[in-house]
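In case you want the letters, here they are:
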Amino acid sequence: MDLGEVVVRPVGSFEAFRYQELMQQYHYLGALPKISETLWYVATWREEWVALLSFSACALKCAARDRWIGWTFASAIAA
């Protein structure tokens, strides 16, 4: 596979169903809905879907993460 032929692009609204089907089939968490600000991308090689990517905004509050980092709610808002 020539990696120069891999194209990464946003998933079109008409492709969302296919994206969700593949996530349900192959991802250990299954198909998750878009929550808050979420972007879906697909990597293609010669028009074949070879990878799915999802980027979501982090949660404003996440107790376990906040304790690990040492954040308080006030410090998170100030950042």
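None of the values given here were measured: they were computed from a predicted structure. (Residues numbered from 1 in each chain as written. Predicted model: local features only at pLDDT ≥ 70, side-chain atom pairs only at ≥ 80, totals over all residues. Heavy atoms only, no water.)

(A) The overall build of the chain, seen in detail. Counting its regular elements, the chain contains three helices and three strands. Helices (α) and strands (β) of the chain occur, in sequence order from the N terminus, as β-α-β-β-α-α. Relative to the 2.2 N^0.38 estimate, which gives 12 Å for 79 residues, the radius of gyration of the chain is 17 Å and therefore markedly larger than a compact globule would have. Overall, the chain is about 50 × 25 × 20 Å in size when its C-alpha atoms are taken along their principal axes. Counting all 79 residues of the chain, 18% fall into the buried class. Put simply, 44% of the contacts in the chain that link residues at least 6 apart link residues at least 24 apart. Here the chain has roughly 6400 Å² of accessible surface; of this, 62% comes from carbon and sulfur atoms. Looking at the chain, you have 7 positive and 8 negative side-chain charges, and the mean spots of the two groups are 11 Å apart. (Helix = DSSP H or I, 4+ residues; strand = E, 2+ residues; numbered from the N terminus. Rg over C-alpha atoms; globule rule 2.2 N^0.38 Å. Buried < 20%, exposed > 50% of the residue type's maximum accessible area, 1.4 Å probe, protein only. Contact = heavy atoms within 4.5 Å. Areas by Shrake-Rupley, 256 points an atom, 1.4 Å probe, with all protein chains shown as cover. Lys, Arg positive; Asp, Glu negative; His and termini not counted. Charge placed at Lys NZ, Arg CZ, Asp CG, Glu CD.)

(B) Layout of a nonpolar patch on the surface. A contiguous nonpolar patch, built from Y28, L29 and L32 and spanning about 380 Å² of accessible area, is present on the exposed surface. With respect to the secondary-structure elements, L29 resides in the loop between α1 (16-26) and β2 (38-45). Assessed through its relative accessible area of 48%, L29 is described here as partly exposed. (Patch = residues over 30% accessible without salt bridge, like charges linked within 9 Å, V, L, I, M, F, W, Y side chains within 5 Å. Salt bridge = Lys/Arg side-chain N within 4 Å of Asp/Glu carboxyl O.)

(C) Representation of the packing of aromatic side chains within the structure. Enumeration according to the criterion identifies two aromatic pairs in this entry. Both rings, one in Y19 and one in W40, keep their centres 4.3 Å apart while their planes meet at 15 degrees; by these two values the pair is stacked. With Y19 in helix α1 and W40 in strand β2, this residue pair connects regions lying 21 residues apart in the sequence. The interplanar angle of 75 degrees and the centroid separation of 6.0 Å between the aromatic rings of Y41 and F55 together place this pair among those described as edge-to-face. Taken together, the positions of Y41 in strand β2 and F55 in strand β3 (residues 48-56) put the pair 14 residues apart, joining distant regions of the chain. The exposure class assigned to Y41 is partly exposed, which follows from its relative accessible area of 23%. Relative accessible area serves as the criterion here: at 48%, F55 is assigned to the partly exposed category. We note R18 situated over the ring of W49; from NZ or CZ to the ring centre the distance is 4.0 Å. The cationic tip of K34 hangs over the ring face of W40; the distance from NZ or CZ to the ring centre is 4.7 Å. (Phe/Tyr/Trp six-rings, centres within 6.5 Å; stacked < 30°, edge-to-face > 60°. Lys NZ or Arg CZ within 6 Å of the ring centre and 35° of its normal.)

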